[in-house]
Amino acid sequence: MRGFTARTTGQLPYDVVFLLNRFFDAVVPAVTRNNGTIDKYMGDGFLAVFETANAHSSAQDALRATMGIAQALASFNVQLNAEGQPPVAIGIGVHLGDVVLGEIGAAGHAPRTLIGDTVNTASRLEAITKEHSAQVFLSQPLLKAAGIDMPASAMIELQLRGVADVLLALRVENAETLDTQLSDFGAPQPGVTPPVFLSLADFLQRSTNNAPTFHAIC
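Residues numbered from 1 in each chain as written. Predicted model: local features only at pLDDT ≥ 70, side-chain atom pairs only at ≥ 80, totals over all residues. Heavy atoms only, no water.

Some remarks on the packing of aromatic side chains
Counting across every chain of the model gives 6 aromatic pairs. Arranged with centres 6.5 Å apart and planes meeting at 50°, the rings of F23 and F76 form a pair that is tilted. Of this pair, F23 sits in helix α2 (residues 13-32) while F76 sits in helix α3 (residues 55-82), placing them 53 residues apart in sequence. With relative accessibility at 1%, the residue F23 sits in the buried group. (Phe/Tyr/Trp six-rings, centres within 6.5 Å; stacked < 30°, edge-to-face > 60°. Helix = DSSP H or I, 4+ residues; strand = E, 2+ residues; numbered from the N terminus. Buried < 20%, exposed > 50% of the residue type's maximum accessible area, 1.4 Å probe, protein only.)

Here is the structure:
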């Protein structure tokens, strides 16, 4: 959630908690109904993982969840406007790769959590959405796994803090219509029957090696 500190400065703790819970109630169902799991809540954001049988389906689920979150946020902001409150803005970073899952912490107080380069990259993508006036950044590895043949010219080269290599990512200003925005790039591999471009479920048709997809939001 962008601008959370400024928005909640001077508010009663109860009001801050109430806003956060309303926000999470609005957007988290888009994650869970697309086979995602919330790994952890981090103040005004969360880390979610999409891990299915292969990277293809994991990437599809993450993209559907991203669009669902954007649509849920739009509805939530309509409610806030009716209450005379300012809208909520968010940033989302979506990446694909391997992670480490383990109990991390002192003995007896070590929750199971995810770490690794994939998590760090998703977090860095989220962090730069604001400076690029974007709601979402989708990494090239994620798009490829989902079967989206996105030309490099349509993406931005990013040198993310703490990430050694330059990463290509697609900037999305508003993800409410993500399926429409991506449908022109759902070109199948040679010899594969072209799908009808109706929705994410219709045009994301290619599979790659097994790997979970990670979706970080703040």
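Some thoughts on the nonpolar core
Within the largest apolar cluster, 47 residues are counted, with the highest numbers of intra-cluster contacts made by F23, L138 and L182. When residues of this core are traced back to their parent elements, those giving at least two are α2, β2 (45-50), α3, β3 (92-96), β6 (136-139), α5 (140-145), β8 (167-172) and α6 (178-183). By residue number, the principal contributor to this core is α3, which donates 12 residues. Discounting chain neighbours no more than four positions away, the residues touching L138 are L63, V94, L143, L168, A169, L170, V172, L178 and L182. One finds L125, I128, F137 and L158 within the second-largest nonpolar core, a separate group that totals 9 residues. (Core = buried A, V, L, I, M, F, W, Y, C linked by side-chain atoms within 4.5 Å. Contact = heavy atoms within 4.5 Å.)

Some points on α3
Here α3 contains 28 residues, and its C-alpha end-to-end distance of 41 Å stays within 8% of the 40 Å for a straight helix at 1.5 Å per residue. Looking one or two residues past α3, G84 carries a phi angle of roughly 80°, positive in sign. (Expected span 1.5 Å × (residues − 1).)

Points about the pattern of salt bridges
A full pass over the atoms with the stated rule returns 4 salt bridges. For D39, the salt bridge is made with K40, and the minimal N-O distance between the two is 2.8 Å. For K40, a relative accessible area of 27% translates into the label partly exposed. For E173, the salt bridge goes to R171, with nearest N and O atoms at 3.9 Å. (Salt bridge = Lys/Arg side-chain N within 4 Å of Asp/Glu carboxyl O.)

Quick notes on the layout of surface pockets
In this structure, the largest pocket occupies an estimated 150 Å³ of space. Broken down by element, the residue count for the lining of the largest pocket peaks at 4 residues, all from α2. The residue makeup of the lining of the largest pocket, split by class, is 3 nonpolar, 2 polar and 4 charged. (1 Å grid on protein atoms, 1.4 Å probe; cavity = no way out; pocket = protein on both sides within 12 Å on 5 of 7 lines; lining within 4 Å. Points joined across faces, edges and corners; volume = space filled by probe spheres on them. Nonpolar A, V, L, I, M, F, W, Y, C, P; charged D, E, K, R; others polar.)

Here's the deal with the packing of α2 against α3
It is at 7 Å that the axes of α2 and α3 come closest, and there the two elements cross at 145°. Considering only the axes of α2 and α3, their crossing is right-handed. When α2 is examined against α3, the residues L19, R22, F23, A26, V27, A30 and V31 are found in contact with a partner set consisting of A65, G68, I69, A72, L73, F76, Q79 and L80. For the contact of α2 with α3, a count of residues per class yields 12 nonpolar, 2 polar and 1 charged. (Axes fitted to C-alpha atoms, helices over the stretch in contact; angles between N-to-C directions. Left-handed = near helix turned anticlockwise from the far one by under 90°.)

Digging into the side chain of R22
With respect to the helices, strands and loops of the structure, R22 is situated in helix α2. When its relative accessible area of 17% is taken as the criterion, R22 is described as buried. Contacts of R22, omitting those with residues within four sequence positions, involve F76, Q79, L80, E83 and Q85.

Quick word on the environment of G91
Note on placement: G91 falls in the loop between α3 and β3. Here the alpha-carbon distance between G91 and E126, two residues 35 residues apart in the chain, equals 5.4 Å.

Comments concerning the pairing of strand β1 (residues 36-42)
Where β1 lies against β2, 6 bridges are found, and the strand directions are antiparallel. Residue pairing in the sheet places M42 in a bridge with G45 of β2. Here β1 hands over to β2 after 2 residues, with G43 in that stretch at a positive phi of 65°. (Pairing = 2+ DSSP bridges.)

Focus on a nonpolar patch on the surface
On the surface, L12, Y14 and F18 cluster together into a nonpolar patch covering about 380 Å² of accessible area. Following the sequence through the fold, F18 ends up in helix α2. Taking the relative accessible area as the measure of exposure, F18 reaches 43% and is therefore partly exposed. (Patch = residues over 30% accessible without salt bridge, like charges linked within 9 Å, V, L, I, M, F, W, Y side chains within 5 Å. Areas by Shrake-Rupley, 256 points an atom, 1.4 Å probe, with all protein chains shown as cover.)

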